[in-house]
Amino acid sequence: MAAPFQHLDHIAIVVRDTDEALKFYRDRLGLPLLFSQVMPDAPIRLTHLDAGNGVHIQLVQPLKPEHPLHAWLEKNGEGLQHLCFKVDNVAESMKTLPGLGLAMRDKAPRSGPNGRASAFLDPAATRGVPLEITSDPRRG
């Protein structure tokens, strides 16, 4: 059986203010800024920096106080929020991963940055580590 994940795509870090966080990740650590995008359906701002080897650091800023990540920030502070792995096709993976004991939290793929699809696994099935899967727009 083929491995369900291709490689680590990004490491997500929740921040209160993306511009302030960039002073550390971009200016102090020297990670190149790739893009920043507001996801109006969420509503969150996702900012990607190049961490090397094809892996991104994704800064996640909730834009409304009622967003669940705002409460997460208040409880936990800024920091690591999830790991995301690349798959061939999110919709197909959502059908096959439960057969490997990896239950899905999401019922359907969601919209990610740059037209990508994504979905989160149930943390109860991932030893408590929040995991996301993503695929290119043309792959679903």
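Structure's up top.
### Considering the pairing of strand β8 (residues 131-135)
- Most of β8 is tucked away: five of the five residues are buried.
- With burial as the criterion, each face of β8 is covered, one bearing Leu131, Ile133 and Ser135 and the other bearing Glu132 and Thr134.
- Of the pairings in the sheet, the one linking strand β5 (residues 79-86) to β8 comprises four bridges and is parallel in character. Within the sheet, the bridge partner assigned to Leu83 lies in β8 and is Leu131.
- Examined bridge by bridge, strand β7 (residues 117-120) and β8 share four bridges and lie antiparallel to one another. Bridged to Ala119 within β8 is Ile133.

### Let's talk about helix α1 (residues 18-28)
- Regarding α1, the residues found buried are Thr18, Ala21, Leu22 and Tyr25. Buried residues of α1 fall within an arc of 110° about the axis and therefore sit on the same side.
- Against the buried residues of α1 lie β1 (7-14), β2 (33-39), β3 (44-50) and β4 (56-62).
- A distance of 2.9 Å separates the backbone nitrogen of Asp19 from a side-chain oxygen at the start of α1, and that oxygen is part of Asp17.
- Immediately beyond the C-terminal end of α1, within one or two residues, lies Gly30, with a positive phi of roughly 80°.

### Some thoughts on the side chain of Arg45
- On the secondary structure map, Arg45 appears in strand β3.
- At 3.5 Å, the side chain of Arg45 and the side chain of Asp19 are in polar contact.
- Reaching out from Arg45, the side chain makes a polar contact with the side chain of Ser36 at a distance of 2.9 Å.
- Non-local contacts of Arg45, meaning those with residues more than four positions away in its chain, are made with Thr18, Asp19, Ser36, Gln37, Val38, Leu59, Val60, Gln61 and Leu63.

Parameters and conventions
- Residues numbered from 1 in each chain as written.
- Predicted model: local features only at pLDDT ≥ 70, side-chain atom pairs only at ≥ 80, totals over all residues.
- Heavy atoms only, no water.
- Buried < 20%, exposed > 50% of the residue type's maximum accessible area, 1.4 Å probe, protein only.
- Helix = DSSP H or I, 4+ residues; strand = E, 2+ residues; numbered from the N terminus.
- Pairing = 2+ DSSP bridges.
- Arc of directions from axis to C-beta.
- Contact = heavy atoms within 4.5 Å.
- Polar contact = N/O pair within 3.5 Å; in protein donor to acceptor, adjacent residues only side chain to side chain.

Spatial relationships are all this shows, so hold off on functional conclusions.
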